[in-house]
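# Per-entry structural report
In case you want the letters, here they are:
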Amino acid sequence: FFLSSGWKMPRPIQAVVHTAALAHNLGRARACAGTGAKVFGVVKANAYGHGLAAAYAGMRQAADGFALLDLAEAERMRELGWQGPVLLLEGCFEPRDVDTCSALQLWHTVHCPEQIAWLTQQARSQVRQPHHVFLKLNSGMNRLGFKGRDAFRQAFAQLQALGPARVGSITLATHFSDADAQRRGQDGIAHQLQAFASATEGLPGLRSLSNSAATLRHSSRLRSDWVRAGIMCYGGVPDFPEHTAAYWDLQPGMTLRSRLLAVQQLQPGDTVGYGSTFLAQRPMAIGIVACGYADGYPRHCPTGTPVLVDGVRTTTVGRVSMDMLAVDLTPTPQAGPGSEVTLWGRGPRDACLPIDEVAHAAGTIGYQLMCALAPRVPVIVE
């Protein structure tokens, strides 16, 4: 688009991050976690696509700490002004990271013998600050962690032997694979709870077990002194479609919205888009939306994926292309070029399209849609 003055108008797509919703959702994590539990706001992967600065603005008043993945993210949190706990969820990646953890006072996960060796090596020199470590048990997910009671307790003893001047605290941690559902027809967390109880029996220290799914579904069964609230902070539902965001009282942390560029009138037999996958069976109007897979909207969203036009629910038709997609305007005959389109999140007139519904239609999860937001999409923080 161009104005008569020659100034270019921006393409109408934009993402909006709702900081008040992030604060509300983190508050829900605290309420579910129970009395005495502390809450990490998990901000890995650029805060699930929402942006570290935006997530910090929304969560800083409600969070006890922030959990993330790498040192660059941790350094950014310190630059933003956070002086409280920052946890590296995967710990140090190489020996020199241990010194950085001391310098920035970062807490870090220990999940393998190599990380203990790096700590031991640093202990031979002067330590700036005692390390606070989260010792991770592989209780059944088989990604990271010490596997088995003996290996875990040996790792605990090695860390404890470094002394409180070098290792100030050891929190005992694990991660659930099936807290959002059953596991092969059985209780989703029972086998891992049993493994954790066995490995940690009699050991001192705080416990950290609960992710978003465990916080929402299993808090009454768990002692988790530190809760790691991830997807729920952003309004995503870990156990969708069994439960919805409304059921858990979660608000959308992000809205992806755009506008109609054009309207096309179809006759029976007309097709839409690449591959002609949609065939009109009747006269109908379709709207062409300024959004495509280069913006992060899933190309594999099929015809029938939900969308809002001027706050009214309708569906996509045909294939998603790089920069555009088409929607059925039958429910909104008044819509035309410039009409607002909500791809997910908050729409006009208090309408809402949960991101999980869009993801479900695409055969994926809300996490992926959030994280896939493309750099070319302007982001507004409110």
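Higher on the page you've got the structure.
A brief report on the enclosed structure follows. (Residues numbered from 1 in each chain as written. Predicted model: local features only at pLDDT ≥ 70, side-chain atom pairs only at ≥ 80, totals over all residues. Heavy atoms only, no water.)

## Observations regarding the pattern of salt bridges
In this structure the tally under the stated criterion is 14 salt bridges. Several salt bridges converge on common partners, so that one network encompasses Arg11, Asp295, Asp323 and Arg376. (Salt bridge = Lys/Arg side-chain N within 4 Å of Asp/Glu carboxyl O.)

## A closer look at the packing of aromatic side chains
One pass over the full model with this rule turns up twelve aromatic pairs. Arranged with centres 4.8 Å apart and planes meeting at 85°, the rings of Tyr247 and Trp248 form a pair that is edge-to-face. We classify Tyr247 as exposed; its relative accessible area is 52%. Residue class for Trp248 comes out buried when judged on its relative accessible area of 9%. Through pairs of rings, three or more aromatic residues link up here, namely Phe40, Trp107, Phe134 and Trp226. (Phe/Tyr/Trp six-rings, centres within 6.5 Å; stacked < 30°, edge-to-face > 60°. Buried < 20%, exposed > 50% of the residue type's maximum accessible area, 1.4 Å probe, protein only.)

## Examining the nonpolar core
In terms of nonpolar packing, the biggest core is built from 105 residues, with Val43 and Tyr234 touching the most fellow members. Here this core takes five residues from helix H3 (residues 52–59), the largest share from any one element. One finds Val272, Met284, Val317 and Ala326 within the second-largest nonpolar core, a separate group that totals nine residues. (Core = buried A, V, L, I, M, F, W, Y, C linked by side-chain atoms within 4.5 Å. Helix = DSSP H or I, 4+ residues; strand = E, 2+ residues; numbered from the N terminus.)

## Details of empty space enclosed by the protein
Applying the stated criterion to the full structure yields one cavity of 30 Å³ or more. Of the volumes computed, that of the largest cavity is approximately 40 Å³. Lys136, Leu137, Asn138, Ser139, Met141, Asn142, Arg143, Leu144, Thr174, His175 and Gln192 together form the lining of the largest cavity. Here the lining of the largest cavity takes three residues from strand S6 (residues 131–138), the largest share from any one element. Looking at the lining of the largest cavity, its residues break down into three nonpolar, six polar and two charged. (1 Å grid on protein atoms, 1.4 Å probe; cavity = no way out; pocket = protein on both sides within 12 Å on 5 of 7 lines; lining within 4 Å. Points joined across faces, edges and corners; volume = space filled by probe spheres on them. Nonpolar A, V, L, I, M, F, W, Y, C, P; charged D, E, K, R; others polar.)

## So, the pairing of strand S15 (residues 306–309)
Going residue by residue along S15, you find Pro306 and Leu308 tucked away on one face and Val307 and Val309 tucked away on the opposite face as well. Relative to strand S16 (residues 312–317), S15 runs antiparallel, the two being bridged by four bridges. Following the sheet pairing, Leu308 is matched in S16 by Arg313. Linking two consecutive strands that pair antiparallel, namely S15 and S16, is a turn of two residues; a positive phi of about 50° is found at Asp310 within it. Both S15 and strand S18 (residues 340–346) contribute to a ladder of two bridges, which runs antiparallel. Directly across from Leu308, in S18, lies its bridge partner Thr342. (Pairing = 2+ DSSP bridges.)

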